[in-house]
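One-letter residues, chain by chain:
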Amino acid sequence: MKTIVAMILLGKMAKVGVPVIDMQKVDGLGEALVKACVEWGCFRMVNHGVSVELMAEMKAVTASLLDLPEEIKRRTISTEQGKGYIERNPGTPFFETLSVDDIMSHDEFCDRLDASPQQRHSGIEPTNDYHKHTYACTPPRWYRASMGSQLIRRCPDPTYAEPKAQPQSLIGLGQAPTLAQGRRFTMYPIIREVIYEYIKAIRDLAELLGRKLMEGSGLVGDLFDGWCCQLRMNKYHYCPESVGLSGVGLHSDPTFLTILQDDENVNGLQVVDKYSGESLPFDPVPGSLAVNVGDIAKAWSNGRFYSVKHRVTCFEPKTRYSIVLFVLGPNGTKVEAPSELVDSEHPRLYVPIDIKEYRNVRTSKRLHIGNALDLFRSPAT
Ligand SMILES: O=C(O)CCC(=O)C(=O)O
Ligand SMILES: [Fe+2]
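Below: a short report on this structure. (Residues numbered from 1 in each chain as written. Chains lettered and ligands numbered in written order. Predicted model: local features only at pLDDT ≥ 70, side-chain atom pairs only at ≥ 80, totals over all residues. Heavy atoms only, no water.)

## Examining the environment of Glu-96
With respect to the helices, strands and loops of the structure, Glu-96 is situated in strand S3 (residues 95-100). When the C-alpha atoms of Glu-96 and Asp-253 are compared, they prove to be 17 Å apart, with 157 residues separating the residues in sequence. Look past the residues within four positions of Glu-96 in its chain and what remains in contact with it is Leu-66, Glu-70, Lys-73, Tyr-85, Ile-86, Glu-87, Arg-88, Met-233, Asn-234, Lys-235 and His-237. Here His-237 takes part through its side chain, which lies 2.6 Å from a polar atom of the side chain of Glu-96. (Helix = DSSP H or I, 4+ residues; strand = E, 2+ residues; numbered from the N terminus. Contact = heavy atoms within 4.5 Å. Polar contact = N/O pair within 3.5 Å; in protein donor to acceptor, adjacent residues only side chain to side chain.)

Structure (structure tokens):
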């Protein structure tokens, strides 16, 4: 009797928690990943190959960058949908996010935060003095992870002079931010290095995921080869007033998948169970990384993968950080289900989708919970 009860409980428990997948698993990794994408639309990865030191450093960098004054962060605002810096706003009053829109141009992102208006617009190279000064501020590597928000310090820059007047050609383009009180911020080269290393490590992991998802679907190849990816650094400004309120409202991701470093100290991410529709906690596990399947993966898998709805809720008044890599989709070609995933029992569900168009339609029609895919149904279905 006891054994039967234990078996039922184990069965229930296995169903209750989001799957945890060991990325070093030799046999059946592809199948396990596909199963998680189909049944849960999310999973947690352990033994994923991104070091805990690098994860801690990236979190410190995130905190530092989001600590910069608004005038600096605003230099990375974009007019394109879903891109660039998003400040707190009436829709998401506790949420703020910086974006490396294309992970291949992370240097441009750093340049925008770092360079003085003159350097960015006139092409003047920093002088040797500037370099000497900047490098003199560089903390030793062993000190990196524990530095937190000190990674960026207000350094007096010997070469910086208050601009006398804006060059006429820049006025009105919104490209020449004025620095209040002539302050400038020197970004430690180490910040660029951490961002670069983190992107590289997460990108390698994404590639492994792409290959294994192909394998688990009975296909061969590098699914994400040459695909567009975006890195976001998120800060949730939780306070006593935000407890019980939403950090980010219910949505599915307009991506293929999202690799998430959540905050090991602050929970709040919840996912909607595919079968019961219940909201379940997707709590952090130190050292692990989470994955959410997005709408584009549902289209690619011909409806098999579950584009999981999720939200982030404030449960305690503690600042929460998260770092997400969005694997958006192919660059320059449309997404469609491979012919191997289409047969008489599984007719093609969606027309080929342009990821940019998809994002625009989704936003303009305010369809943030996966329904936008219905607008891309194949005529036959
Ligand atoms: O911060 C998180 O934990 C999740 C953020 C999220 O859902 C998103 O950026 O799409
Ligand atoms: Fe999301």
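Having seen it, we continue.
## A closer look at the sheet that holds strand S1 (residues 20-22)
Within the open sheet, the 7 strands sit side by side as S1-S2-S9-S6-S11-S4-S3. Their pairing is mixed. Edge positions in the sheet fall to S1 and S3, since each has one partner strand and no second. Going across the sheet, the axis of each strand differs from the next one's by a mean of 25°, ignoring polarity. Note that S3 and strand S4 (residues 228-236) share 6 bridges and pair antiparallel. The residue bridging Thr-97 from the neighbouring strand is Asn-234, located in S4. Across the sheet, helix H8 (residues 189-216) lies against strand S2 (42-46), S3, S4, strand S6 (257-261), strand S9 (289-293) and strand S11 (320-329), angled at about 135° from S6, the strand it touches most. (Pairing = 2+ DSSP bridges. Axes fitted to C-alpha atoms, helices over the stretch in contact; angles between N-to-C directions.)

## Considerations on the site of ligand 1
In the vicinity of ligand 1, the contacting residues are Asn-234, Tyr-236, His-251, Asp-253, Leu-260, His-310, Val-312, Arg-320, Ser-322 and Phe-326. With respect to ligand 1, the side chain of Tyr-236 contributes an N or O atom lying 2.6 Å from an oxygen atom. Contacts to ligand 1 include Arg-320, whose side-chain N or O atom sits 2.8 Å from an oxygen atom. Coverage of ligand 1 by the protein amounts to 93% of the 290 Å² it exposes when considered alone. At 3 residues, S11 tops the list of elements feeding residues into the shell around ligand 1. (Near = heavy atom within 4 Å. Areas by Shrake-Rupley, 256 points an atom, 1.4 Å probe, with all protein chains shown as cover.)

## With respect to the pairing of strand S7 (residues 269-272)
On S7, burial covers both faces: Leu-269 and Val-271 on one face and Gln-270 and Val-272 on the other are all buried. Judged from the 3 bridges that link them, S7 and strand S10 (residues 310-313) form a sheet pairing that is antiparallel. Within S10, the position partnered with Leu-269 by the bridge is Val-312. Linking S7 to strand S8 (residues 279-281), which pair antiparallel, is a turn of 6 residues; within it Gly-277 sits at a positive phi near 75°. (Buried < 20%, exposed > 50% of the residue type's maximum accessible area, 1.4 Å probe, protein only.)

## Thoughts on helix H10 (residues 355-364)
Within H10, the full set of buried residues consists of Ile-355, Tyr-358, Arg-359, Val-361 and Arg-362. Taken end-on, H10 shows its buried residues confined to a sector of 165°, consistent with a single buried face. Facing away from the buried side of H10 by more than 90 degrees, the exposed set consists of Lys-356 and Ser-364. In the core, the buried residues of H10 are packed alongside S4, helix H9 (295-300) and S11. (Arc of directions from axis to C-beta.)

## Examining helix H3 (residues 52-66)
Relative to the 21 Å expected for 15 residues at 1.5 Å per residue, H3 spans 21 Å between its end C-alpha atoms, a close match to the ideal helical length. Across the 15 residues that make up H3, a large majority, 12, are buried. The complete set of buried residues in H3 reads Leu-54, Met-55, Glu-57, Met-58, Lys-59, Ala-60, Val-61, Thr-62, Ala-63, Ser-64, Leu-65 and Leu-66. (Expected span 1.5 Å × (residues − 1).)

## Re the coordination of the iron ion (ligand 2)
Protein-derived ligands of the iron ion (ligand 2) are His-251 (NE2), Asp-253 (OD) and His-310 (NE2), with the metal-ligand distances lying across 2.1 to 2.2 Å. Within one chain, the residues donating to the iron ion (ligand 2) are spaced in sequence as H-x1-D-x56-H. Remark: His-310 occurs in strand S10 and His-251 occurs in strand S5 (residues 246-251); sequence separation between them is 59 residues. (Donors = N, O, S within 2.8 Å, 3.2 Å for Na, K, Ca; no water.)

Such coordinate-based values are descriptive only and should not be taken to indicate function.
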